[in-house]
Amino acid sequence: MNVEDEYRARVRELQVRARELGEAAERATDPEHRRRLMDKARRAAEQCDRANRIGQP
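Residues numbered from 1 in each chain as written. Predicted model: local features only at pLDDT ≥ 70, side-chain atom pairs only at ≥ 80, totals over all residues. Heavy atoms only, no water.

Here's the deal with the environment of Arg53
(1) Moving on: Tracing the backbone through its elements, the reader meets Arg53 in helix H2 (residues 31-55).
(2) Moving on: Of the residues examined, Arg53 reaches a relative accessible area of 56% and is grouped as exposed.
(3) Moving on: On a C-alpha basis, the gap between Arg53 and Tyr7 in space is 9.7 Å, while along the polypeptide they are 46 residues apart. (Helix = DSSP H or I, 4+ residues; strand = E, 2+ residues; numbered from the N terminus. Buried < 20%, exposed > 50% of the residue type's maximum accessible area, 1.4 Å probe, protein only.)

Concerning a nonpolar patch on the surface
(1) Moving on: A grouping of Val3, Tyr7 and Ile54 is seen on the molecular surface, where their side chains present a nonpolar patch of about 280 Å² in accessible area.
(2) Moving on: Following the sequence through the fold, Ile54 ends up in helix H2. (Patch = residues over 30% accessible without salt bridge, like charges linked within 9 Å, V, L, I, M, F, W, Y side chains within 5 Å. Areas by Shrake-Rupley, 256 points an atom, 1.4 Å probe, with all protein chains shown as cover. Salt bridge = Lys/Arg side-chain N within 4 Å of Asp/Glu carboxyl O.)

Remarks on the nonpolar core
(1) Moving on: Judged by nonpolar contacts, Leu21, Ala24, Ala25, Ala28, Leu37 and Ala41 together constitute the single largest core of six residues.
(2) Moving on: Looking at which element gives the most residues to this core, the answer is helix H1 (residues 3-27), with three residues.
(3) Moving on: If we skip the residues at most four places from it in the chain, Ala28 touches His33, Arg34 and Leu37. (Core = buried A, V, L, I, M, F, W, Y, C linked by side-chain atoms within 4.5 Å. Contact = heavy atoms within 4.5 Å.)

What follows is the structure in C-alpha cells.
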C-alpha cells in the first residue's frame, strides 16, 4: 500500500467514526453525554478534513 492509499484509508476510517459518533449523539438521552459525543464527532470530522487536505496532490 502506498502513502496515498494509506491517507485514503485513514480518511475513510475517520469519516465512519465521525458518522457513528454523530448518530450515537442523536440517540443519547443525557444532554452531557450527547455533548461529549458531538464533540468527539466534530473532532473526528476535523481530523478527516485535515487528513483529506494532506492527501490531496
